[in-house]
Amino acid sequence: MEFDFNTYVKKMVSKEDIDQYSKELENIKKKFSQGYPELCWYDMGKYVDNQELKRMIQQADDLKRISDVILIIGIGGSSMGAQATIQALSPYFRRRRPEIIFVGNDLSSEYLIDLQNYLREKDVSIHVVSKSGNTMEVITVFELFQSWMYKKYSTEEVKRRIVVTTSSYDGKLMYYATKYGYEKFHIPNVISGRYSLFTPATLFSMALADIDIISFLRGAKEGRIYLNQAGIYAMLRRIFFDHGKVIEGFAIYEPKLSKMVEWTKQLFAESEGKNEKGILPVKLIYTRDLHSLGQFIQEGNPILFESTISIMKTRTFQVEKYQETLSNINHIIEKSVCQAHLDAKCPTLLMKIEELDAYHLGELAMFFMMSAAMSSYLFHVNPFDQPGVTKYKEIVGKNLRSI
Ligand code: PA5
């Protein structure tokens, strides 16, 4: 990866700003080598060993062979990572067999009825993911499809077609997995959803979509060399926040990264949005949003800074009119936007990945996970809990029990 935390930041960050956080940041960075259990996703290989990887790949091959469609049921951190990586690493247009469909992100009966109609003549399998094994949306949708599967297939066949990934032994998912003998994968209990990219929660779904999970994990592991840059990124975000920049626009020029930004939004918002602190992340798809939100960034309330994720090398073709490749034209626009926005008091932090493949996406994911953790520590909040989300889940549970 390459980073530019200077060209489009100039003058907006002073030496005093940096001095205020640099010592604290040094201490925070030390945490990563001190074996904290909640940082165990950083200590890779400890919880996904080669044997488990082999089992995932083997099991994915089995499901792919017998399925026209695979439903991936989950929500939040138990779904977003898979959505992000699969979108980023799949061609825009391909009739894939099996087709991967995400379910459980909402409770739209319109969607579910259309989906069941669509699946009528198809062979279907399910990967259901819930760390707690109890999340209302996920369990409701899973139970719906589980009974649908029992109507469509024999008990033995359903058993072959459902795979459960969870961590809790007393959750509803584990109950079903044990009762019906479904294949299981485990999410370590200390890893919260948004940090579960390097566990079966995401990896098994990626394998179902034919993504090279070994390269992805290698990229993530080697991405740890960017700990320093991740720290600087976290610190600059913190400084921008002190200067009233309370919104972070994650900008992309490649829409395939759209879900990746959704995952990044979740990662930062759920990690640092506590105790009335934190930066609100928003997604900016360029050049599209330059023709709409760009006006606000250029001349509206100056509460935003941008973090641009750029891809250095893409497939491309020549645009005769400009005697230039379309990819380079996209990069010229990127530079122009950074300049224009800096002139409008909106600084940009630039993160560049070499190309869009499993290895480099692994690096990028590790970079963001390290920086979200450090950024939360700089806000003095726990990056790994989500008491607000838990509260919402409890209120929903209470209201549903009283129906
Ligand atoms: O990041 C998180 O911890 C959350 O977004 C959870 O992933 C989400 O609430 C789903 O929870 P679970 O995996 O327990 O179903």
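Please read all numbers here as calculations on a predicted model, not as lab measurements.

As for the pairing of strand E7 (residues 247-252)
Working step 1: Judged by how many residues are buried, E7 sits mostly within the fold: six of six residues are covered.
Working step 2: With burial as the criterion, each face of E7 is covered, one bearing Ile247, Gly249 and Ala251 and the other bearing Glu248, Phe250 and Ile252.
Working step 3: Relative to strand E8 (residues 280-285), E7 runs parallel, the two sharing six bridges. Across the sheet, residue isoleucine 247 finds its bridge partner in E8, namely leucine 280.
Working step 4: Crossover handedness for the path E7 to helix H11 (residues 258-272) to E8: right-handed.
Working step 5: Looking at chain direction, E7 and strand E9 (residues 304-313) are connected through six bridges and run parallel. Each residue of the ladder has a partner; that of glutamate 248, found in E9, is phenylalanine 305.

Notes on the state of the cysteines
Such a bond, covalent and formed between the sulfur atoms of two cysteines, is termed a disulfide.
Working step 1: Under the counting rule described, the total for this entry stands at zero disulfides.
Working step 2: Of all cysteine sulfurs in the structure, the one in cysteine 346 sits closest to cysteine 338, which takes part in no disulfide; the separation is 8.9 Å.
Working step 3: Assessed through its relative accessible area of 2%, cysteine 346 is described here as buried.

A closer look at the pattern of salt bridges
Working step 1: Scanning the entire structure with this criterion turns up 21 salt bridges.
Working step 2: We note a salt bridge from lysine 64 to aspartate 210, for which the minimum N-O separation is 2.6 Å. Here lysine 64, found in helix H2 (residues 50-66), pairs with aspartate 210, found in the loop between helix H8 (200-208) and helix H9 (213-222); they are 146 residues apart in sequence, far enough to count as distant.
Working step 3: Between arginine 237 and glutamate 272 there is a salt bridge; the shortest N-O distance is 3.1 Å. Taken together, the residues span a long stretch of sequence, with arginine 237 in helix H10 (residues 227-242) and glutamate 272 in helix H11 at a distance of 35 residues. Of the two residues, arginine 237 and glutamate 272, neither departs from the other in class, the shared state being buried.

Looking at the pairing of strand E4 (residues 124-129)
Working step 1: Buried residues dominate E4, accounting for six of its six residues.
Working step 2: Side-chain alternation along E4 places Val124, Ile126 and Val128 on one buried face and Ser125, His127 and Val129 on a second face that is also buried.
Working step 3: Across five bridges, the pairing between strand E2 (residues 69-73) and E4 is parallel. Counterpart to valine 69 in the pairing with E4 is valine 124.

Focus: the nonpolar core
Working step 1: By size, the foremost hydrophobic cluster in this structure holds 88 residues, and its most contacted members are Trp41, Phe198, Trp263, Phe367, Phe368 and Met370.
Working step 2: Element by element, the count of residues in this core is highest for helix H14 (residues 358-378), at 14 residues.
Working step 3: For this core, the domains that each give at least three residues are domain 1 (2-33 + 219-388) and domain 2 (40-211).
Working step 4: With residues near it in sequence (within four places) discarded, tryptophan 263 still touches Met80, Gly81, Ala84, Arg194, Leu197, Ala365, Phe368 and Met369.
Working step 5: Leu119, Ile139, Met149 and Tyr182 belong to the second-largest nonpolar core, a separate cluster that totals 26 residues.

Parameters and conventions
- Residues numbered from 1 in each chain as written.
- Predicted model: local features only at pLDDT ≥ 70, side-chain atom pairs only at ≥ 80, totals over all residues.
- Heavy atoms only, no water.
- Buried < 20%, exposed > 50% of the residue type's maximum accessible area, 1.4 Å probe, protein only.
- Helix = DSSP H or I, 4+ residues; strand = E, 2+ residues; numbered from the N terminus.
- Pairing = 2+ DSSP bridges.
- Right-handed = clockwise from strand over helix to strand, strands pointing away.
- Disulfide = S-S within 2.5 Å.
- Salt bridge = Lys/Arg side-chain N within 4 Å of Asp/Glu carboxyl O.
- Core = buried A, V, L, I, M, F, W, Y, C linked by side-chain atoms within 4.5 Å.
- Domains from an automatic or database assignment.
- Contact = heavy atoms within 4.5 Å.

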